[in-house]
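Descriptive structure summary
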Amino acid sequence: APENTLAGLRTAAQQKYQAVEFDVKLAACGTLIVMHDDTLNRTTNGDGLVAATRYEDIAKLDAGTWHSAEFTGERVPTFIALAKLCIELGLLCNVEIKPNVGQERETGEAIALACRKIWQDKKYLPLLTSFSYDALLAAKAIAPEFPRGILFEYLPADWKAQAEQVECVSVNCNHAHVNADQIQSIRGAGYRMICYTVNDVAKARKLFAWGVDGIFTDNLVEMKQ
């Protein structure tokens, strides 16, 4: 199913997955929407910057045809709509804070406030993650009770200092740029370790043998096996 859509959640639930990851950012009007890119071009039939487009216009776009004809007419959901469906389906959530350029703190704060409202009476809280250190600090200041994870493309020398400042529970890295020793260092420091985005079954098995706690995947069918 197309990424970051309600159809994607339903597909994950149908495949018996228990946890999902999605990306959240601000539209021009301040509405939190579920979208990975800073532009609309790749995953909708629209174009332009998300930060410059109001949600009332984004909501009219087709976010499914790029994937396949089966999902023609799928829309870009608001964060609230997608989060409510996760709760309805019983899915655990990893909310990636994906700010537009220059909106790091604003986005972290808005997502933290929304999460507090949506999950205020729920037993299992979502994991808030981001590549943006500032966004995670902002989320921590607003809603410190929510667990956090810091994302890295390449594990930097000061990864531990950053994780400590944000008070993370997990360190999440690109599987292509991490090795067994780094994974053991992260686990040895008391953090969970999750790798993204792993679509090869053999690589997934190797990562688990190295000690990772989990993986992100788009390959739902094969990874179930």
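My aim in this report is to walk through the structure given alongside it, one point at a time. (Residues numbered from 1 in each chain as written. Predicted model: local features only at pLDDT ≥ 70, side-chain atom pairs only at ≥ 80, totals over all residues. Heavy atoms only, no water.)

1. Focus on the side chain of Asn-174
For Asn-174, the position within the fold is in strand β6 (residues 170-174). A polar contact of 2.9 Å, which involves the side chain of Asn-174, links it to the backbone nitrogen of Ala-176. Excluding its chain neighbours within four sequence positions, the residues that come into contact with Asn-174 are Phe-152, Glu-153 and Tyr-196. (Helix = DSSP H or I, 4+ residues; strand = E, 2+ residues; numbered from the N terminus. Polar contact = N/O pair within 3.5 Å; in protein donor to acceptor, adjacent residues only side chain to side chain. Contact = heavy atoms within 4.5 Å.)

2. Concerning the side chain of His-175
Along the chain, His-175 turns up in the loop between β6 and α7 (180-188). Take His-175: its relative accessible area is 18%, and that puts it in the buried class. Within polar-contact distance, the side chain of His-175 engages the backbone oxygen of Thr-197 at 3.5 Å. A distance of 3.1 Å separates a polar atom in the side chain of His-175 from a polar atom in the side chain of Lys-203. (Buried < 20%, exposed > 50% of the residue type's maximum accessible area, 1.4 Å probe, protein only.)

3. Topic: the pattern of salt bridges
All told, the structure shown has 11 salt bridges when counted by the stated rule. For the salt bridge of Glu-96 with Lys-98, the shortest nitrogen-to-oxygen distance reads 2.9 Å. Note that Arg-116 and Glu-145 form a salt bridge whose closest N and O atoms lie 2.9 Å from each other. Placement of the pair is Arg-116 in helix α4 (residues 104-118) and Glu-145 in the loop between α5 (133-142) and β5 (148-152), with a sequence separation of 29 residues. Assessed through its relative accessible area of 34%, Arg-116 is described here as partly exposed. If you follow the salt bridges from partner to partner, you end up with Glu-3, Asp-37 and Arg-42 in one network. (Salt bridge = Lys/Arg side-chain N within 4 Å of Asp/Glu carboxyl O.)

4. Concerning the sheet that holds strand β7 (residues 192-196)
A sheet is described by the order of its strands in space; here eight strands give the open sequence β2-β1-β3-β4-β5-β6-β7-β8, paired in mixed fashion. Looking along the sheet, the strands with just one partner apiece sit at the ends: β2 (32-34) and β8 (214-215). (Pairing = 2+ DSSP bridges.)

5. Description of the nonpolar core
Of all hydrophobic cores here, the largest spans 50 residues; its most connected members are Phe-22, Phe-79 and Val-171. What Phe-22 contacts, discounting residues up to four positions off in sequence, is Asn-4, Val-34, Phe-79, Leu-82, Cys-86, Cys-93, Asn-94, Val-95 and Glu-96. Among the nonpolar cores identified, the runner-up in size contains 10 residues, and Met-35, Leu-61, Ala-63 and Val-76 belong to it. (Core = buried A, V, L, I, M, F, W, Y, C linked by side-chain atoms within 4.5 Å.)

6. Focus: the pairing of β7
Each regular strand shows side chains that alternate between the opposite faces of the sheet. Across the five residues that make up β7, a large majority, four, are buried. When β6 meets β7, the two strands line up parallel, connected through five bridges. Opposite Asn-174, over in β7, you have Tyr-196 as the bridge partner. Each parallel crossover has a hand, and for β6 linked through α7 to β7 it is right-handed. (Right-handed = clockwise from strand over helix to strand, strands pointing away.)

7. Quick notes on the pairing of β6
Among the five residues in β6, five count as buried, and that is most of the element. Pairing analysis gives four bridges linking β5 to β6, with the strands arranged parallel. Residue Phe-152 lies in a different strand from β6, and its bridge partner there is Cys-173. Of the crossover connections in this fold, the one passing from β5 over helix α6 (residues 159-166) to the parallel β6 is right-handed.

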